[in-house]
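Coordinate inspection notes
So you can see what is in the structure, the chains are spelled out below.
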Amino acid sequence: MLRSAVEADTEIGRRAASIMSRGALVPDEVVQKIVALRLGLEDCARGYILDGFPRTVAQADALEQMLERADQALDQVIEFTISEDELVRRITGRYVCTKCDAVYNEHSKPTQRNNICDVCGGTSFRRREDDRAETVAERMAAYRAETAPLVPYYGSRGLLTQIDGSQSTVKVTTALLGALS
């Protein structure tokens, strides 16, 4: 939703872009406005999955209020668990084809042919600005301070399901589909 708001070049999207480009977390009031607008669209009438929201207890409280006003309830919250070392390795290893935006990872999913995109044959790649080790360290500090408290918050409500994110993609997907069914 944040990236879509940025791409739409709305006032709130421009504000979010400025913050995201620094690798910082977007303030609650900005995120809440974007989420409220998005959840009000017709394609959310039958349900939706929120990925990366809420990120703070204040956002969780705001979400609860949004849902109450819409006569809806949260079904469950899924947390993917992974060690910080593995997370840093995965994030800093990412790179993207500049032609088609196919995503690769130097550790786990390199191109099949050296520096040639498997999808479009492009030979130019980039790393996202927020995939630098310094930015990841800042994001992890923010996670520990602001997002980690959501684990007991939702756990105490019986809504939390934890999935080991260090497993293979197939195992994580299977666990996720099982949790959602």
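Attention here is on the structure that accompanies the text.

Section: the overall build of the protein
Looking only at helices and strands, the protein has eight helices and five strands in total. Tracing the protein from N to C terminus, the helices and strands come up as α-α-α-α-β-α-β-β-β-α-α-β-α. A buried classification covers 30% of the 181 residues belonging to the protein. Long-range contacts, defined as pairs at least 24 residues apart, comprise 53% of the intrachain contacts of the protein with a sequence gap of at least 6. Averaged over its 23 positive side-chain charges, the protein has a centre that lies 5 Å from the centre of its 27 negative ones.

A word on helix 6 (residues 133-147)
Here helix 6 spans 19 Å end to end across 15 residues, near enough to the 21 Å set by a 1.5 Å rise per residue. Taken residue by residue, helix 6 has Thr135, Val136, Met140, Ala142 and Thr147 as its buried positions. All buried residues of helix 6 fall inside an arc of 165° around its axis, so they share one side. If you follow the buried residues of helix 6, they end up packed against helix 5 (84-92) and helix 7 (150-155).

Observations concerning the packing of helix 3 (residues 28-39) against helix 4 (residues 57-69)
It is the contact of helix 3 with helix 4, at a shortest axis distance of 11 Å, that shows an interaxial angle of 30°. In terms of axis orientation, helix 3 runs roughly parallel to helix 4. For helix 3 against helix 4, the interelement crossing comes out right-handed. Each of Asp28, Val31, Gln32, Val35, Ala36 and Leu39 in helix 3 lies in contact with helix 4, whose residues at this interface are Ala58, Gln59, Ala62, Leu63 and Met66. Per-class residue counts for the contact of helix 3 with helix 4 are eight nonpolar, two polar and one charged.

Calculation rules
Residues numbered from 1 in each chain as written. Predicted model: local features only at pLDDT ≥ 70, side-chain atom pairs only at ≥ 80, totals over all residues. Heavy atoms only, no water. Helix = DSSP H or I, 4+ residues; strand = E, 2+ residues; numbered from the N terminus. Buried < 20%, exposed > 50% of the residue type's maximum accessible area, 1.4 Å probe, protein only. Contact = heavy atoms within 4.5 Å. Lys, Arg positive; Asp, Glu negative; His and termini not counted. Charge placed at Lys NZ, Arg CZ, Asp CG, Glu CD. Expected span 1.5 Å × (residues − 1). Arc of directions from axis to C-beta. Axes fitted to C-alpha atoms, helices over the stretch in contact; angles between N-to-C directions. Parallel < 35°, antiparallel > 145°, perpendicular 65-115°, else oblique. Left-handed = near helix turned anticlockwise from the far one by under 90°. Nonpolar A, V, L, I, M, F, W, Y, C, P; charged D, E, K, R; others polar.

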